[in-house]
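# What the coordinates show
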Amino acid sequence: MNKDIDNTRLISVMEIIDEIANINDDNKIAELEVKLREITGKKDINASDCLEYWGWTSLEELARSFLNPTPEFKGLNDDQLSEIIEKICECEYSESETDFQLKVLEKETGLSNISDYIFYPDEIGLDIDADTSEIIAKILADRKK
């Protein structure tokens, strides 16, 4: 879990998400969407991302995913990339952190389908049961950066 997220902001975002998910007033939803964007600093968040969130994630995980920073290219080395990939494969991250780390890998490797490599290796030419080392090797070999 991203421990850098301020608890006060987390609670505020959770309250806004919950309110959006439970009201049917389009004007109020639009106001809350603006507030959500202001708190998170992300202009691409939509109120529709909050609807029926409980069907695919928890309130806290959704709020954390909104508050995670936008990844930037940092030029991570092979060992650093391998560690991230391994932790994703071994389910060592929370849901929101996994989502964030996938975006990091996408930025670092230039592979827009990075999740296919990890979750659907047969889609990129590996065996469906490919082990972590095979997945790491394939990602490093195919990266564009």
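Placed above this text is the structure.
Residues numbered from 1 in each chain as written. Predicted model: local features only at pLDDT ≥ 70, side-chain atom pairs only at ≥ 80, totals over all residues. Heavy atoms only, no water.

The subject of this paragraph is the overall build of the protein. Summing up its helical and strand segments, the protein has seven helices and zero strands in all. From first element to last, N terminus to C terminus, the protein shows the α and β order α-α-α-α-α-α-α. Along the longest, intermediate and shortest principal axes, the C-alpha atoms of the protein span 50 × 30 × 25 Å. Burial status across the protein gives 41% buried among its 145 residues. (Helix = DSSP H or I, 4+ residues; strand = E, 2+ residues; numbered from the N terminus. Buried < 20%, exposed > 50% of the residue type's maximum accessible area, 1.4 Å probe, protein only.)

A volume near 270 Å³ is recorded for the largest pocket. Among the elements of the structure, helix H4 (78-89) and helix H5 (95-109) are those that each provide at least two residues to the lining of the largest pocket. Of the residues that constitute the lining of the largest pocket, the class distribution is seven nonpolar, three polar and five charged. Computed from the structure, the second largest pocket encloses a volume of approximately 230 Å³. For the second largest pocket, the lining is made up of 13 residues, of which Lys42, Asp44, Ser65, Asp99 and Lys103 are closest to its centre. Listing elements by their share of the lining of the second largest pocket, those giving two or more residues are helix H3 (59-67) and H5. (1 Å grid on protein atoms, 1.4 Å probe; cavity = no way out; pocket = protein on both sides within 12 Å on 5 of 7 lines; lining within 4 Å. Points joined across faces, edges and corners; volume = space filled by probe spheres on them. Nonpolar A, V, L, I, M, F, W, Y, C, P; charged D, E, K, R; others polar.)

Summed over the entire model, instances satisfying the criterion amount to one aromatic pair. Judged by centre distance (5.1 Å) and plane angle (75°), the ring pair of Tyr53 and Trp54 falls under edge-to-face. (Phe/Tyr/Trp six-rings, centres within 6.5 Å; stacked < 30°, edge-to-face > 60°.)

With that settled, the discussion passes to the environment of Ile139. Residue position: Ile139 is located in helix H7 (residues 132-142). Residue class for Ile139 comes out buried when judged on its relative accessible area of 0%. Distance in space between the C-alpha atoms of Ile139 and Glu38 is 36 Å, their sequence separation being 101 residues. Ignoring any residue separated from it by four or fewer positions in sequence, one finds Ile139 in contact with Ile85, Thr109, Leu111, Ile114, Tyr117 and Ile118. (Contact = heavy atoms within 4.5 Å.)

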